[in-house]
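# Remarks on the overall topology
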Amino acid sequence: MKKKVLFNGKTLSHELGRHRIVRKIYTFDQIDSTNEYAKYLAQKGAEEGTLVISDRQVKGKGRLGRTWESPAGKGLWFSIVLRPGMAPHKAGLISLLVAVSVAQAIEELLGLRPALKWPNDVLLDSQKFCGILVESEIGANKELSFLVVGIGINVNQSADDFPDEIRTKAISLKLVWHSEIDRIEVLKSSLYKVGQNYLRFLNGQHAFVRAEWLKRCPAVGGKIVVKQNGNEYAGIFESIDESGQLLLRCPGGSLLKIHSGEVMLP
Ligand code: BTN
């Protein structure tokens, strides 16, 4: 792992000054995965608000054991340590909160209207530009000892920069905005929104996460198929519950609560 340069820690600290969520910043030119490094720091006691950001990841991790393409100079690959001190089942809601926050940031910064796909993909033109991977560790008291929230945002890729397998599913902000975008501006807006929403959440306001998430999910009310551990469940996407689980109305009328998996539109 090589330390910093493209994202300069001092400059970033200055830029992120009013973002109360960020306390300490680790910057890299290249790293295996910012989530792995943030977990390592959290296990050693890193405080809430520790941010790890790298220009490139060589082993970027996606959800469900997938890899996450993280080329140099094109996107934002960063992870933040949170210590909300709460029951583990509430972590799902924080991952939705982060997806809402990135969507709001892009709305305010670029005037675009991202859509959300359960649980936490952020899309433009039905293609994904942001993925979120939340990893947690549970302490002896059965509460979360920390969460690492990893955010990957495709900012300035051209279509050719995406590998063939994901070219039809992935998109960058530049491909929608039709011009290069300052990555630092996207980082600042996203962290600002995450910080603002996270503080609201810590202050006991939880309902807004579900409401803001549902507003941005066009698949709600329609037919979907959910893939989970090799099984497929078809039904109507009824809603999400107060802890962020997907509620699927099955053909026989029963309601299935889904904690993790992948949604496909038939
Ligand atoms: C997904 O599959 O949608 C989640 C992708 C999460 C990618 C980000 S990039 C920064 C952080 N470090 C990682 O290794 N993964 C997350």
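Structure shown above.
First, a word on scope: everything that follows refers to the structure included in this document.

What counts, and at which threshold
- Residues numbered from 1 in each chain as written.
- Predicted model: local features only at pLDDT ≥ 70, side-chain atom pairs only at ≥ 80, totals over all residues.
- Heavy atoms only, no water.
- Near = heavy atom within 4 Å.
- Polar contact = N/O pair within 3.5 Å; in protein donor to acceptor, adjacent residues only side chain to side chain.
- Helix = DSSP H or I, 4+ residues; strand = E, 2+ residues; numbered from the N terminus.
- Buried < 20%, exposed > 50% of the residue type's maximum accessible area, 1.4 Å probe, protein only.
- Pairing = 2+ DSSP bridges.
- Core = buried A, V, L, I, M, F, W, Y, C linked by side-chain atoms within 4.5 Å.
- Contact = heavy atoms within 4.5 Å.
- Salt bridge = Lys/Arg side-chain N within 4 Å of Asp/Glu carboxyl O.
- Phe/Tyr/Trp six-rings, centres within 6.5 Å; stacked < 30°, edge-to-face > 60°.
- Lys NZ or Arg CZ within 6 Å of the ring centre and 35° of its normal.

### Focus on the site of the ligand
Taken together, 20 residues surround the ligand, and among them Ser33, Gln57, Lys61, Arg63 and Lys128 come closest. Contact distances for the ligand include 3.0 Å between a nitrogen atom and a side-chain N or O atom of Thr34. In this structure, Lys128 approaches the ligand through a side-chain N or O atom, which is 2.5 Å from an oxygen atom. Secondary structure elements with two or more residues in the shell around the ligand: helix H2 (34-43), strand E4 (75-82), strand E7 (127-138) and strand E8 (144-154). The element contributing the most residues to the shell around the ligand is E7, with 4 residues.

### Focus on the pairing of strand E6 (residues 121-124)
Residues Asp121 and Leu123 of E6 are buried on one face, and the alternating residues Val122 and Leu124, pointing to the opposite face, are buried as well. Here strand E5 (residues 115-117) runs beside E6; their pairing, made up of 3 bridges, is antiparallel. Note that in E6 the partner of Lys117 across the bridge is Asp121. Taking the residues between adjacent antiparallel strands as the criterion, E5 and E6 are bridged by 3 residues. In this sheet, E7 lies alongside E6 in antiparallel orientation, the contact comprising 3 bridges. If you follow Val122 over to E7, its bridge partner there is Cys130. Between E6 and E7, which pair antiparallel and follow one another directly, the connecting turn spans 2 residues, one of which, Asp125, has a positive phi of 50 degrees.

### Regarding the nonpolar core
Counting residues in hydrophobic clusters, the biggest one holds 63 residues, and the most contacted among them are Phe129, Ile151, Ile153 and Leu173. Per element, the largest residue contribution to this core is 12 residues, and it comes from helix H3 (residues 91-110). Setting aside its immediate chain neighbours within four residues, Leu173 contacts Ile106, Leu110, Leu124, Phe129, Ile153, Asn154, Val155, Ile181 and Val186. By size, the runner-up hydrophobic cluster in this structure holds 12 residues, among which are Phe28, Ala38, Ala42 and Val81.

### Some details on the pattern of salt bridges
Across all of its chains, the model carries 18 salt bridges by this definition. The salt bridge involving Lys61 is made with Glu36; its shortest N-O contact spans 2.6 Å. Note that Lys61 is positioned in the loop between strand E3 (50-57) and E4 and Glu36 in helix H2, a separation of 25 residues in sequence. With relative accessibility at 30%, the residue Glu36 sits in the partly exposed group. The partner of Glu212 in a salt bridge is Lys215, and the shortest N-O contact between them spans 3.1 Å. A residue pair is termed a helical-turn pair when its members lie 3 or 4 positions apart in one helix, as Glu212 and Lys215 do in helix H6 (residues 207-215) at 3 residues. Judged by relative accessible area, which is 61%, Lys215 ranks as exposed. Overlapping salt bridges, with partners in common, bring together Glu36, Lys39, Lys61 and Glu135 in one network.

### Considerations on the packing of aromatic side chains
Under the defined criterion, the tally for this structure stands at 4 aromatic pairs. When the ring of Tyr26 is compared with that of Tyr37, the centres are 6.0 Å apart and the planes differ by 70 degrees; the resulting orientation is edge-to-face. A residue pair is termed long-range when its members are at least 10 positions apart, and Tyr26 in strand E2 (residues 24-31) and Tyr37 in helix H2 qualify at 11 residues. For Tyr26, a relative accessible area of 17% corresponds to the buried category. Ring geometry for Trp213 and Phe237: centres 6.4 Å apart, planes at 50 degrees, overall tilted. With Trp213 in helix H6 and Phe237 in strand E10 (residues 231-240), the pair connects residues that are 24 residues apart, well separated along the chain. Residue Phe237 is classed as buried on the basis of its relative accessible area, which comes to 1%. Ring-pair connections join several aromatic residues into one group, and the members of that group are Tyr26, Phe28, Tyr37 and Tyr40. Positioned above the aromatic ring of Phe208 is the side chain of Arg200, whose terminal nitrogen or guanidinium carbon lies 3.8 Å from the ring centre.

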